[in-house]
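Listed below, chain by chain, are the residues.
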Amino acid sequence: MTTLEPRIDGIPTPTPSPEAGPYWEGTRAGELRYQACATCGAANFGPGLRCHACQADTLEWRRSAGEGVVYSWTVVWRPQTPAFDVPYAPAIIRLDEGYDMVSALVGLVPDDIEAGMRVRVEFHALDDTITLPFFRPA
């Protein structure tokens, strides 16, 4: 069976919002960043101006250890656009800091993916400005 690998050639380039600037600067530097609320301590992802939990405007950027577990996933064999080579496995990753993010799994065959599997982030440059996080078994 095919091993899942990063698929970056030809995919659409994200357009970062001003609020997401520190996140994208982090990925270029090989860091996964998220926001945490200085008022209630909640981890927040994606980037915003107010805490998802308490609505305070005291969000601070922090560096994630980049480790977590697979919460949910799917394997795509028929992409919506030809820009995406198959197979690929988009997944919801539950990071140890307490937030979820969507990324893609790499470095394993689709049949080996399991809920609760430990994963670690790795980064792959899309171009000179955008670097994407992927997750590989830890």
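Before reading further, recall that the structure is shown in the block above.
Below: a short report on this structure. Everything numeric here is computed off the predicted structure, so don't read it as measured data.

## A look at the layout of surface pockets
Roughly 450 Å³ of internal volume is contained in the largest pocket. In terms of lining, the largest pocket is formed by 24 residues, of which the most central are Ile 11, Ser 103, Ala 104, Leu 132 and Phe 134. The dominant element in the lining of the largest pocket, judged by the number of residues it contributes, is strand 6 (residues 100-105), at 5 residues.

## Regarding unusual backbone geometry
The residue after Phe 45, namely Gly 46, is reached through a cis peptide bond having omega 5°. When you line up the elements, Gly 46 lands in the loop between strand 2 (43-44) and strand 3 (59-64). For the bond from Val 86 to Pro 87, the omega torsion is -5°, close enough to zero to count as cis. When you line up the elements, Pro 87 lands in the loop between strand 4 (67-73) and strand 5 (89-95).

## Considerations on the pairing of strand 7 (residues 118-125)
By the bridge criterion, 3 bridges tie strand 4 to strand 7 in an arrangement that is antiparallel. Bridged to Val 69 within strand 7 is Arg 118. For strand 7 and strand 8 (residues 131-137), the ladder comprises 7 bridges, and the chain directions are antiparallel. Considered in strand 8, the bridge of Ala 125 is made with Thr 131. Taken together, strand 7 and the strand that follows it, strand 8, pair antiparallel across an intervening segment of 5 residues.

## Things to note about the nonpolar core
Within the largest apolar cluster, 29 residues are counted, with the highest numbers of intra-cluster contacts made by Leu 32, Ile 93, Leu 105, Leu 132 and Phe 135. Breaking this core down by element, the ones donating at least two residues are helix 1 (21-28), strand 1 (32-37), strand 5, strand 6, strand 7 and strand 8. Of all the elements, strand 5 adds the most residues to this core, at 4 residues. Non-local contacts of Ile 93, meaning those with residues more than four positions away in its chain, are made with Val 69, Val 70, Tyr 99, Asp 100, Met 101, Leu 105, Val 119 and Phe 135. By size, the runner-up hydrophobic cluster in this structure holds 5 residues, among which are Cys 37, Ala 42, Cys 51 and Leu 59.

Calculation notes
Residues numbered from 1 in each chain as written. Predicted model: local features only at pLDDT ≥ 70, side-chain atom pairs only at ≥ 80, totals over all residues. Heavy atoms only, no water. 1 Å grid on protein atoms, 1.4 Å probe; cavity = no way out; pocket = protein on both sides within 12 Å on 5 of 7 lines; lining within 4 Å. Points joined across faces, edges and corners; volume = space filled by probe spheres on them. Helix = DSSP H or I, 4+ residues; strand = E, 2+ residues; numbered from the N terminus. Pairing = 2+ DSSP bridges. Core = buried A, V, L, I, M, F, W, Y, C linked by side-chain atoms within 4.5 Å. Buried < 20%, exposed > 50% of the residue type's maximum accessible area, 1.4 Å probe, protein only. Contact = heavy atoms within 4.5 Å.

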